[in-house]
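This is what each chain is made of:
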Amino acid sequence: MKFSALALLFPVAANACPADSDPYYYPDELVRPPNFWIDGVVPILHGNTIQGYETPIAVFQTMIVDQVMWDCVAAFDDEAVSVIDFERPPFVAPAEHHNSEARALCMVHAINKVLDGGLVPDAAPMWKDYVDSLCLDSTVPSDEDALSAVQNDGMDTPYAIGHNIGRYFLDKMRNSGWNFDGSLNKFGEECTGVCTIYGDSGPEPYVPVVSPFEIEEPKKKKYRSRYQPLIEDNGKGFVFAQAHVTPHIGHNVGLEIVREPFFSGDEFPDAVLNGLKDPKYDYDDEAEEAIEQVRLTGESDERKITIEFMDNKINLAGGLIMRLRAEFELSLEEQLMYHVGYTTIEHDSVVLAWREKVDHDLIRPTTVVQRMGAETINSYLGPNMGTGEMSARDWHPYIRTMPHAEYPSGSGCICTVVAEYVDAYMADQHGMDTYPTTWEFAAGSSKQEPGVVPAAPYTLSFDTMTELRDLCGESRLWGGMHFTKSVPDSYELCEGLGAKAYNDWARQLLPNADLQSLFGDAEKFVS
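Residues numbered from 1 in each chain as written. Predicted model: local features only at pLDDT ≥ 70, side-chain atom pairs only at ≥ 80, totals over all residues. Heavy atoms only, no water.

### Focus on the overall build of the chain
So, step 1. Counting its secondary structure elements, the chain contains 20 helices and six strands.
So, step 2. For the chain, the C-alpha atoms occupy an extent of roughly 75 × 55 × 55 Å along the three principal directions.
So, step 3. Residue burial in the chain is summarised as follows: out of 527 residues, 57% are buried.
So, step 4. Restricting the contact set of the chain to residue pairs at least 6 apart, pairs at least 24 apart contribute 73%.
So, step 5. Surface accessibility of the chain: about 21,700 Å² in total, with carbon and sulfur atoms responsible for 50%. (Helix = DSSP H or I, 4+ residues; strand = E, 2+ residues; numbered from the N terminus. Buried < 20%, exposed > 50% of the residue type's maximum accessible area, 1.4 Å probe, protein only. Contact = heavy atoms within 4.5 Å. Areas by Shrake-Rupley, 256 points an atom, 1.4 Å probe, with all protein chains shown as cover.)

### Section: helix H8 (residues 158-174)
So, step 1. The terminal C-alpha atoms of H8, which comprises 17 residues, lie 24 Å apart, in line with the 24 Å expected from a rise of 1.5 Å per residue.
So, step 2. Where burial is concerned, most of H8 is hidden: 14 out of the 17 residues are buried. (Expected span 1.5 Å × (residues − 1).)

### Focus on a nonpolar patch on the surface
So, step 1. Together, Phe213, Ile231 and Val239 make up an exposed nonpolar region whose accessible area comes to about 310 Å².
So, step 2. Inspection of the secondary structure assignment puts Val239 in strand S2 (residues 239-241). (Patch = residues over 30% accessible without salt bridge, like charges linked within 9 Å, V, L, I, M, F, W, Y side chains within 5 Å. Salt bridge = Lys/Arg side-chain N within 4 Å of Asp/Glu carboxyl O.)

### Let's talk about helix H7 (residues 143-151)
So, step 1. Residues of H7 that are buried include every one of Ala146, Ala149 and Val150, and no others. What you see down the axis of H7 is that its buried residues fit within an arc of 85°, all on one side. What points out from H7, more than 90 degrees from its buried face, is the exposed set Glu144, Asp145 and Gln151.
So, step 2. Along its buried surface, H7 packs onto H8. (Arc of directions from axis to C-beta.)

### Regarding the pairing of strand S6 (residues 458-462)
So, step 1. Residues Tyr458, Leu460 and Phe462 point to one face of S6 and are all buried, whereas Thr459 and Ser461, pointing to the other face, are not buried.
So, step 2. Across five bridges, the pairing between strand S5 (residues 437-441) and S6 is antiparallel. Residue Thr437 lies in a different strand from S6, and its bridge partner there is Phe462. (Pairing = 2+ DSSP bridges.)

### Here we look at the side chain of Asp71
So, step 1. Looking at the secondary structure, you find Asp71 in helix H4 (residues 55-75).
So, step 2. No salt bridge forms around the buried Asp71; measuring N to O, its nearest opposite-charge neighbour Lys172 is 8.2 Å away.
So, step 3. For Asp71, the side chain forms a polar contact with the side chain of Ser82, separated by 2.6 Å.
So, step 4. Of note is the side chain of Asp71, whose polar atom sits 3.1 Å from the backbone nitrogen of Val83. (Lys, Arg positive; Asp, Glu negative; His and termini not counted. Polar contact = N/O pair within 3.5 Å; in protein donor to acceptor, adjacent residues only side chain to side chain.)

### With respect to a negative patch on the surface
So, step 1. Together, Asp282, Asp284, Asp285, Glu288 and Glu375 give the surface a local cluster of negative charge.
So, step 2. When you line up the elements, Asp285 lands in helix H11 (residues 283-298).
So, step 3. Of the residues examined, Asp285 reaches a relative accessible area of 47% and is grouped as partly exposed. (Charge placed at Lys NZ, Arg CZ, Asp CG, Glu CD.)

### With respect to the pairing of strand S3 (residues 376-382)
So, step 1. Pairing of S3 with strand S4 (residues 386-391), which is carried by six bridges, proceeds in the antiparallel orientation. Bridged to Tyr380 within S4 is Thr387.
So, step 2. The turn joining S3 and S4, which pair antiparallel and follow one another in sequence, is formed by three residues; a positive phi near 60° is taken by Asn384.

### A word on the packing of H4 against helix H5 (residues 100-116)
So, step 1. Closest axis-to-axis distance for the H4/H5 pair is 9 Å, and the angle between their directions is 140°. Relative to H5, H4 is oriented oblique. In the crossing of H4 with H5, the sense of the turn from one axis to the other is right-handed. Where H4 abuts H5, its residues Val65, Val68, Met69, Cys72 and Val73 lie against Arg103, Cys106, Met107, Ala110, Ile111 and Val114.
So, step 2. Of the residues assigned to the contact of H4 with H5, the class counts are 10 nonpolar, no polar and one charged. (Axes fitted to C-alpha atoms, helices over the stretch in contact; angles between N-to-C directions. Parallel < 35°, antiparallel > 145°, perpendicular 65-115°, else oblique. Left-handed = near helix turned anticlockwise from the far one by under 90°. Nonpolar A, V, L, I, M, F, W, Y, C, P; charged D, E, K, R; others polar.)

### Quick word on the side chain of Arg476
So, step 1. By the secondary structure assignment, Arg476 is in helix H17 (residues 465-478).
So, step 2. Accessibility expressed as a relative area gives 5% for Arg476, which makes it buried.
So, step 3. A distance of 2.8 Å separates the side chain of Arg476 from the side chain of Asp311, its partner in a polar contact.
So, step 4. Residues within four places of Arg476 in sequence aside, it is in contact with Asp311, Lys313, Ile399, Ser409, Ser411, Met481, His482 and Val487.

### Things to note about the state of the cysteines
So, step 1. Counted under the stated rule, the structure contains four disulfides.
So, step 2. Across the disulfide from Cys415 sits Cys472; the S-S distance is 2.1 Å. Classification of the bridge connecting Cys415 and Cys472 rests on its S-S torsion, roughly 70°, and on that basis the disulfide is right-handed. Separated by 57 residues along the polypeptide, Cys415 in helix H16 (residues 410-430) and Cys472 in helix H17 bring together distant segments of the chain. For the residue pair Cys415 and Cys472, the accessibility class agrees, reading buried in each case. (Disulfide = S-S within 2.5 Å.)

### Re the packing of H16 against helix H19 (residues 497-504)
So, step 1. At a minimum axis separation of 6 Å, H16 and H19 run at an interaxial angle of 40°. In this view, H16 runs oblique relative to H19, as classed from their interaxial angle. In this structure, H16 crosses over H19, and the sense of that crossing is right-handed. Residue-level inspection shows Val417, Glu420, Tyr421, Ala424, Tyr425, Asp428 and Gln429 of H16 in contact with H19, the latter providing Leu497, Gly498, Ala499, Ala501, Tyr502 and Asn503.
So, step 2. Along the lines of polarity and charge, the residues of the contact of H16 with H19 split into eight nonpolar, three polar and two charged.

Here it is, written out as structure tokens:
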């Protein structure tokens, strides 16, 4: 049956579970392997808890979950390799258990281990309840006990191997530079108290040169274009200043794919090696353009829906994999080979964009327009208010401006690598140059103006992934979150990375000889 929230609220009582079940027993309550990811993992992680994290953090969390799941595939296969080092996993199950059910069981336990270790803190108790509801063992062994079980006790079950996969991914996470557990303070020192998870780990803390509470333009000219954190509120009277999210990752986090040996010499884009040049904005012109773009958005349901759709990268990724799964009847293993590379190059694109964001440290349109003070402008007034004249100091983009510097567009980078990656995957696996998609939106489905926008059902169609990439980038300008050079320059930074990510990274997780043997024996999705 499909997993539902009831499994979290009312897990199966302990006395309802078999006393000594076979360690390879596949519970009836656990969705079939081809459905495990979308119907088992997503409702607790991607579609629930991960959605609440800022974009770069959500990208990291999603990548780790995908990589953990892939390594369960490798541990229960004859030839597939680990994403850690592209070698065979350190612990491999007996050949008679190389099947989709055993791989899914391994994933249940491996995910439990990394969640318990702090990958997505608020998801850990939910996942444990889910595991209990399946009559599986939700106990998480220590790293030492997990290693001992497979090294000394000869345990080669999904439980033992899954927790060991979780164990070595926790080690990877601790050394990743993300500071996912807040073990370092903002000076890069060991935290001796309570420090922010995914917080700045220095060694030179990021400090905005312009206070978020500064109303007037800085007197020093060199500071006038620098990023000024915005003021937000929770809709309940609590007002707070943004802090630049994960400012450390651009220089502290290693790249997974965009590095040797997967790239070499002139294969690295110049912007990756040398950084982007100063965009040299004319901020008067840019402010006028942002005001006008948001005014046009305020008069267009199509623009509004497009902006909201493209803003949610988890939903975009999920929508793509669900379409591919149904159209090509993909097994769990096929879904993962596609998606683990997708999220891993997405991770690298975010790290590259964040390096540039912090190095350039440029101001957002919100600040530039609001510094125009009491000047009257004509733009979008706010949710369900339409367009009209307003004071520039009251202007806001169509949707929330994320807490990080303006240049370049992280969305532009992400959508560039995604489009290239999907095209390379389609060419290799399905003999198609690209992947046309259609996306339907119900009347009133807007998050910003619910019940009103769109006034009638709306459909977005893309003949190519490049078309999707282009509209993804353009939507950032329509919404007023970026200035004009941020999007095309993000393409310059990330072009060429997605295709290599599939061909030279994801595709190499399965040796050529093993591709059909694994995919051919795996349980296929049935719609």
